[in-house]
Amino acid sequence: MDFLANLGLGFSVALTPFNLLMAVAGVVMGILIGALPGIGPPSGVALLLPLTFGMSPTSGIIMLAALYAGTMYGGTITSVLINTPGESASVVTCIDGYQMALQGRAGPALGIAAIGSFFAGTVGVVLLMLISPVLARWSLAFGPPETFALMLLGLTTVTLLTGESAVKGYISMVVGLMLANVGFDIVSGEPRFAFGVPELMDGIDFLPVAIGLFGIGEVLAGAEVVGGAAMLKARYGLRDLIPNAVDRARSRWAIVRGTVLGFLVGVLPGAGPTVSTFLSYAVEKKVSKHPEEFGRGAIEGVAAPESANNAAATAAMVPMLTLGIPGSATTAIMLGGLMMWGLRPGPLLFEKNPEFVWGLIASQYIANAMLLVLSTAAIPLFVRALRIPYAILMPLIIVFCVTGAYSLKNSVFDVGQMLVFGIVGYAMKRLGYSPAALVLALVLGPMAERALRQSLIISDAGAAIFFLRPISAVLMAMAFMAVLVPTLRGIAAVMRRKERVAASAG
Amino acid sequence: MRSADRIAGAALLAIAVAFAAFALRQYPYWGENGPGPAFLPFWVGLVLAFLATLLLVGALRSRDPGEPWLPDGTGLRRIGIVLGATVAYVALLGALGMTIATALFLVVLVRWPDRQPWPLAIAVAIVVAALNYVVFVHWLHVPLPEGPFGF
């Protein structure tokens, strides 16, 4: 089996002292970034990306992937103890996690999340390892129409990220596409929308945009609030974390369901860990024998979403590695990193850079084991970090953002661009738009445009090409469904409201 | 939120139309053997115009003013301070250099909105600015903007 040989190669790469160190550093920084409100996985990856330029790409991706896994757990600590999510994939955990903490059960809440994260992360890597090579081989047959259909699916499902208004989600996405149009046209070489500014001719770099939207945007949103929220006191000795027999019995299948659901959602291009947590919480409430306990400290309400987000974070790497399409805002930034390291994500990555892909896969096993150790043994340390007043944390994050944006290309223009998008990001957050959709569209835009135009050249300008080829037709149908379903649901909601108004009037 | 949606809808509609029209005027829509550089911008502009119209119409017809979309007085002032300090920080990078600008920025922002004690503000500023210098300039060899003293 060459599969075992590949895994062996992977571990020989991942177990070198430097790469091990990068995995540990990634997990530790990830837990911290996840735990600290005001800085989440996308800004964490964007800020640390410049640090990886001095290393080999393999060490770089090992650190960033470990960091991503760490953030998924780190957010839990904040959700449970402070009732504010450390990052968006832990929003749901606040509901029952904080209730458990109020009942003096913060320990088991954190414990079950650690166990669920470890299980889901490990199963996620196994699935990633089994599915990716197959998918990569299969997608070698993809032509421009299939690629475009897949990108369209990614762009339409990303709007699932926005809870309140589908229209605003699509607006965010389309504005991202417009920004992606700035710069040299890939086919004709025309410098579009550059207005003679040399920096714009190369296109709008997504990294300063991401650092601004997620880093500065979040900081500004946090700056509104005076002081920090009170933290609950709890005991975090190893023994306090172990869930009791009832907890374990109730959580067992919740963790399994969360893992499966999280992986499925994560594999979809566009929909990432955050969506998976909301879905998995809803599912648990449906299948539970005592749904009335949800919202009052049901342990399934912590176990399932916390498993789902780790599974989804791992699964989001499947489309990134095999198809070159990111499954979430964070993997969109990683994908940008891959391209900056000079690697071409997509099916050929598995053939041309096996040490990179398999090193990453093997390191994910190690990262998950580290995560379990750190998330049980080192909780008091991370809790102490949460005590840093926001008044100190906030300026520090801004300094990281400014230095990070500058160090990308040693350019003050990038810093200015980051700042502008920081203000945009704050406004978007405030008004209910989706920064994640914008970043994803900005990354996918140029690839989608190339695939679209190549397809239309092949077909001699006929749009039928997207619907006559079987794979592309299925993907297009899924993309249309992704637009249609929320639209119909929106219309249904309006009708119901009208009926109610009519009923109360009559 | 309703008034914000009205303003945003109108502004986005204008941007969308301008974007599509500019693309059509400046760049060819169709090239020799396929879609030209204006092809996608035109359609993207059209889609945004449609979405912006949806947003605008929805907001115009809504009778519910919704939550206020601007933060209240204190919140607004705090954001103003943070934003102002950050803009000044970025503007001064070139003249003062990264290290001095960072230290000044940190003193101001740690001290100001939440009245942290002076010694803490100064200590944070010195430690972080120095660490920033060591990590980026010495370890990563990033030539951060230099000030009058060479750092």
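Basis of the calculations
- Residues numbered from 1 in each chain as written.
- Chains lettered and ligands numbered in written order.
- Predicted model: local features only at pLDDT ≥ 70, side-chain atom pairs only at ≥ 80, totals over all residues.
- Helix = DSSP H or I, 4+ residues; strand = E, 2+ residues; numbered from the N terminus.
- Rg over C-alpha atoms; globule rule 2.2 N^0.38 Å.
- Buried ≥ 20, exposed ≤ 12 C-beta atoms within 10 Å, placed from the backbone.
- Contact = placed C-beta atoms within 7 Å.
- Expected span 1.5 Å × (residues − 1).
- Arc of directions from axis to C-beta.
- pLDDT = per-residue confidence, 0-100.
- Nonpolar A, V, L, I, M, F, W, Y, C, P; charged D, E, K, R; others polar.
- Core = buried A, V, L, I, M, F, W, Y, C linked by C-beta atoms within 7 Å.
- Axes fitted to C-alpha atoms, helices over the stretch in contact; angles between N-to-C directions.
- Parallel < 35°, antiparallel > 145°, perpendicular 65-115°, else oblique.
- Left-handed = near helix turned anticlockwise from the far one by under 90°.
- Bend = angle between axes of the 7 residues up to and from the residue.

**A few points about the overall build of chain B**
For step 1, the next point in the chain: Scanning chain B from N- to C-terminus turns up 5 helices and 0 strands.
For step 2, the next point in the chain: Along chain B, helices and strands appear, N-terminal first, in the series α-α-α-α-α.
For step 3, the next point in the chain: A globule of 151 residues ought to have a C-alpha radius of gyration of about 15 Å, yet chain B, at 24 Å, is considerably larger.
For step 4, the next point in the chain: With respect to the principal axes defined by its C-alpha atoms, chain B has extents near 60 × 50 × 20 Å.
For step 5, the next point in the chain: Burial analysis of chain B (151 residues in total) assigns 32% to the buried set.
For step 6, the next point in the chain: Once local pairs closer than 6 in sequence are excluded, the contacts in chain B between residues at least 24 apart make up 55%.

**Focus: helix α5 (residues 118-139) of chain B**
Residues and elements named next belong to chain B.
For step 1, the next point in the chain: For α5, with 22 residues, the first-to-last C-alpha span of 31 Å sits near the 32 Å given by 1.5 Å per residue.
For step 2, the next point in the chain: Turning to α5, its buried residues number three or more, namely Ala121, Val124, Ala125, Val128, Ala129, Asn132 and Phe136. Angularly, the buried residues of α5 cover 115° about the axis, an arc narrow enough to put them on a single face. Turned more than 90 degrees away from the buried face of α5, the exposed residues are Pro119, Val127, Leu131, Val134, His138 and Trp139.

**Looking at the environment of Ala38 of chain B**
Residues and elements named next belong to chain B.
For step 1, the next point in the chain: Its location among the elements puts Ala38 in the loop between α1 (2-26) and α2 (39-61).
For step 2, the next point in the chain: For Ala38, a count of 25 C-beta atoms within 10 Å puts it in the buried group.
For step 3, the next point in the chain: Residues Ala38 and Ala59 lie 21 residues apart in sequence; the distance between their C-alpha atoms is 31 Å.

**Considering the confidence of the model for chain B**
Residues shown with low pLDDT carry predicted positions that ought not to be read at fine detail.
For step 1, the next point in the chain: For chain B, per-residue confidence averages 88 on the pLDDT scale, and 100% of positions sit at 70 or higher.
For step 2, the next point in the chain: If you check the scores for this complex, the pTM reads 0.87 and the ipTM reads 0.91.

**Remarks on the interface of chain B and chain A**
For step 1, the next point in the chain: Tallying the contact residues gives 53 residues for chain B and 43 residues for chain A.
For step 2, the next point in the chain: Residue assignment for the side of chain B that touches chain A shows that the elements contributing at least two residues are α1, α2, α3 (73-96), α4 (98-111) and α5 of chain B.
For step 3, the next point in the chain: Among the elements that line the side of chain B that touches chain A, the one with the most residues is α3 of chain B, at 12 residues.
For step 4, the next point in the chain: Classifying every residue of the side of chain B that touches chain A gives 40 nonpolar, 11 polar and 2 charged.

**A word on unusual backbone geometry**
All names here are of chain A.
For step 1, the next point in the chain: You will see that Phe193, though not glycine, has its phi angle at about 50°, which is positive.
For step 2, the next point in the chain: Among the secondary structure elements, Phe193 is positioned in the loop between β2 (191-192) and α9 (198-201).
For step 3, the next point in the chain: Here Asn410, not a glycine, exhibits a phi torsion of approximately 50°, which is positive.
For step 4, the next point in the chain: In this structure, Asn410 sits in the loop between α20 (390-409) and α21 (412-431).
For step 5, the next point in the chain: The exposed category is assigned to Asn410, around which 11 C-beta atoms lie within 10 Å.

**Side note on the environment of Leu241 of chain A**
All names here are of chain A.
For step 1, the next point in the chain: Its location among the elements puts Leu241 in helix α11 (residues 238-241).
For step 2, the next point in the chain: Counting along the chain gives 128 residues from Leu241 to Ala113, while the straight-line C-alpha distance between them is 9.9 Å.
For step 3, the next point in the chain: Once residues within four sequence positions are removed from consideration, Leu241 is found in contact with Gly107, Pro108, Leu110, Gly111, Tyr236 and Thr376.

**Some thoughts on the nonpolar core**
All names here are of chain A.
For step 1, the next point in the chain: Residues Ile171 and Val439 are the most contacted members of the largest nonpolar core, which totals 216 residues.
For step 2, the next point in the chain: Examining the composition of this core, we find that 16 residues originate from one element, helix α6 (residues 106-139), more than from any other.
For step 3, the next point in the chain: Every residue in contact with Val439, bar those within four places of it in the chain, is listed here: Gly176, Phe206, Val209, Ala210, Leu213, Ala329 and Ala332.

**Overview of the packing of helix α4 (residues 57-82) of chain A against helix α14 (residues 300-315) of chain A**
Residues and elements named next belong to chain A.
For step 1, the next point in the chain: At a closest axis distance of 9 Å, the pairing of α4 and α14 adopts a crossing angle of 165°. Taken together, the axis directions place α4 and α14 in an arrangement best described as roughly antiparallel. Once α4 is placed against α14, the crossing between them reads as right-handed. Counting all contacts with α4, which are made through Tyr68, Ala69, Met72 and Thr76, the residues of α14 involved are Glu306, Asn309, Asn310 and Ala313.
For step 2, the next point in the chain: Of the residues assigned to the contact of α4 with α14, the class counts are 4 nonpolar, 3 polar and 1 charged.

**Concerning the packing of α20 of chain A against α21 of chain A**
All names here are of chain A.
For step 1, the next point in the chain: Two numbers describe how α20 lies on α21: the axes approach to 7 Å, and their chain directions differ by 135°. In this view, α20 runs oblique relative to α21, as classed from their interaxial angle. Here the hand of the crossing between α20 and α21 comes out right-handed. Taking contact as the criterion, the partners of Cys401, Val402, Ala405, Tyr406, Leu408 and Lys409 in α20 are, on α21, Val412, Asp414, Val415 and Met418.
For step 2, the next point in the chain: Residues belonging to the contact of α20 with α21 are distributed by class as follows: 8 nonpolar, no polar and 2 charged.

**Quick look at α3 of chain B**
For step 1, the next point in the chain: The end-to-end C-alpha distance of α3 of chain B is 33 Å, a good match for the 34 Å that 24 residues give at a rise of 1.5 Å each.
For step 2, the next point in the chain: The sharpest bend along α3 of chain B reaches about 30° and sits at Val90 of chain B.
For step 3, the next point in the chain: For α3 of chain B, the full list of buried residues reads Arg78, Ile79, Val82, Thr86, Tyr89, Val90, Leu93 and Leu96 of chain B.
For step 4, the next point in the chain: The inward-facing, buried residues of α3 of chain B contact α10 (206-223), α20 and α21 of chain A together with α4 of chain B.
For step 5, the next point in the chain: Positive phi shows up at Gly97 of chain B, right after α3 of chain B, with a value of about 90°.

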